[in-house]
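Okay, here's what each chain looks like letter by letter:
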Amino acid sequence: MEKIEHKMVPVNGINMHYAQLGQGPLILFLHGFPELWYSWRHQILFMATHGYRAIAPDLRGYGDTTAAPTDDISKFTTLHIIGDLMALLQAVSPDEDKVFVVGHDWGAIIAWHFCLIRPDKVKALVNLSVPFSPRHPKRTPVESLRMAYGDDYYICRFQEPGEVEAEFAELGVKKVITKFLTYRTPGPLFFPKGKSFGDSPDAPVDLPPWLTEEDVEYYVSKFEKSGFTGGVNYYRAFNLTWELTAPWTGAQVTVPCKFVVGELDLVYHMPGRKEYIHNGGFQKDVPFLQEVVVIKDAAHFITQERPDEISKHIYNFIQKF
């Protein structure tokens, strides 16, 4: 890890921290919730030793990236994040017309939109865990999720500013981080009021072999400093992003793409997702989708749970371009 360089750059009205390593074609890694650049630590090292320049920012509202107004939910739309990334690419690699993009969780959602809005900037895309979701022309994302799962579904619970932050504070940062990162139930994640993750706040969390105490402490140190509001605001801006992306209703993702998901991933088990991924819907919306990989006995945080496997899947795909 000590080989990885850390830099700050002003972009789009904020100060963005990013980690980088290596020389060669640029790969932009986009993390999810509740994660950081650190979620790509294994892939950064792997790709750097295989002839690529790996860059992984702390996205707006996360980690050491600063100056995002967390009290203003309207500043956390996917369009804002893409604006940050465009400015980052211009700052770190102004002569590179196109880059590779790799996303996971919220990073995958951002990557899909990046490819919708600026396909001219992307050589190829590898997205993990969250497939493309075509925009419903009449129903907001949160409304759809509430209809499917009810008010206790975690994304629905995240909507009220300050409410879930208070519950996270009561649980403690370490408990929140470990409960999310070790979640392996292939069903929906509910977060009922006063019951947190459904168990006792004092219930111990056993770390899997792929997540060390040192790893957890790194996340904890950063989220204790930044808080969770920045990350949760992505969910709160879901409906605003839906409004702003109306011009792309029905648009296809027209870049070469590979999709990888864990067999136990809660997103993979959402109603209709498997059918969409495997029965033609996904291919219709992403016509240059070349591979779909389902990793057996893996859950949501596959960049860390199966680091070598994920690194090889990324490398084997992007080296074609």
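Check the entry above for the structure.
Residues numbered from 1 in each chain as written. Predicted model: local features only at pLDDT ≥ 70, side-chain atom pairs only at ≥ 80, totals over all residues. Heavy atoms only, no water.

Trainee: What exactly am I supposed to notice about the sheet that holds strand β3 (residues 26-30) here?
Mentor: Strands belonging to one sheet form pairs held by backbone hydrogen bonds; the direction of such a pair is parallel or antiparallel. Strand order in the open sheet formed by 8 strands is β1-β2-β4-β3-β5-β6-β7-β8, and the pairing between neighbours is mixed. Among the strands making up the open sheet, the edge pair consists of β1 (5-11) and β8 (289-295). Each neighbouring strand pair of the sheet contributes to a mean axis angle of 20°, computed without reference to strand direction. Note: β3 against strand β4 (residues 53-57), 3 bridges, orientation parallel. The partner of L28 across the bridge, within β4, is I55. Against the sheet, helix α1 (residues 41-48) touches β2 (14-21), β3 and β4, its axis set at about 55° to β2. In the packing of helix α3 (residues 106-117) onto the sheet, contacts are made with β3, β5 (99-104), β6 (122-128) and β7 (257-262), and the angle to β6 comes to roughly 150°. (Pairing = 2+ DSSP bridges. Helix = DSSP H or I, 4+ residues; strand = E, 2+ residues; numbered from the N terminus. Axes fitted to C-alpha atoms, helices over the stretch in contact; angles between N-to-C directions. Contact = heavy atoms within 4.5 Å.)

Trainee: Mind showing me how you'd approach the pairing of β1 here?
Mentor: Across a regular strand the side chains alternate sides, sitting on one face of the sheet and then on the other. Relative to β2, β1 runs antiparallel, the two being bridged by 7 bridges. Within β2, the residue paired with V9 across the bridge is M16. Counted along the chain from β1 to the antiparallel partner β2, the turn is 2 residues long, and its residue N12 has a positive phi close to 55°.

Trainee: Could you clarify how one ought to interpret the pairing of β4 in this entry?
Mentor: A large share of β4 lies buried, amounting to 5 of its 5 residues. Relative to β4, β2 runs antiparallel, the two being bridged by 4 bridges. Its bridge partner being in β4, L21 is matched across the sheet by A54. For the crossover that starts at β3, traverses α1 and ends in the parallel β4, the hand is right-handed. (Buried < 20%, exposed > 50% of the residue type's maximum accessible area, 1.4 Å probe, protein only. Right-handed = clockwise from strand over helix to strand, strands pointing away.)

Trainee: Before we go on, may I ask you to explain unusual backbone geometry in this structure?
Mentor: As a rule of thumb, non-glycine residues mostly have phi less than zero, and peptide bonds are mostly trans rather than cis. The step from F33 to P34 runs through a cis peptide bond, and the omega angle for that step is -10°. Structurally, the position occupied by P34 is in the loop between β3 and α1. Even without being glycine, N12 reaches a positive phi, approximately 55°. The residue N12 is located in the loop between β1 and β2 in this model. Phi at D297 is positive, roughly 55°, even though this residue is not glycine. Assignment of secondary structure puts D297 in the loop between β8 and α13 (302-305). When its relative accessible area of 47% is taken as the criterion, D297 is described as partly exposed.

Trainee: It is not clear to me how empty space enclosed by the protein should be interpreted in this structure. Could you clarify?
Mentor: Which parts of space are left empty comes out when a probe the size of a water molecule is rolled across the atoms. In this structure the tally under the stated criterion is 1 cavity of 30 Å³ or more. Space inside the largest cavity adds up to approximately 120 Å³. Along its surface, the largest cavity is lined by F33, P34, D105, Y154, F180, Y183, L189, Y235, L266, H300 and F301. Looking at the lining of the largest cavity residue by residue, the classes come out as 9 nonpolar, 1 polar and 1 charged. (1 Å grid on protein atoms, 1.4 Å probe; cavity = no way out; pocket = protein on both sides within 12 Å on 5 of 7 lines; lining within 4 Å. Points joined across faces, edges and corners; volume = space filled by probe spheres on them. Nonpolar A, V, L, I, M, F, W, Y, C, P; charged D, E, K, R; others polar.)

Trainee: How should I be thinking about the pattern of salt bridges in this particular structure?
Mentor: If charged atoms from side chains of opposite charge come close, those side chains can pair. Within this structure, the stated rule accounts for 17 salt bridges. The salt bridge involving R41 is made with D215; its shortest N-O contact spans 3.2 Å. With a gap of 174 residues between them, R41 in helix α1 and D215 in helix α8 (residues 213-226) connect regions that are remote in the sequence. Here E163 ties to R157 by a salt bridge, and the two come within 3.1 Å at their closest N and O atoms. Its relative accessible area of 25% is what places E163 among the partly exposed residues. Overall, the relative accessible area of 4% leaves R157 in the buried class. (Salt bridge = Lys/Arg side-chain N within 4 Å of Asp/Glu carboxyl O.)

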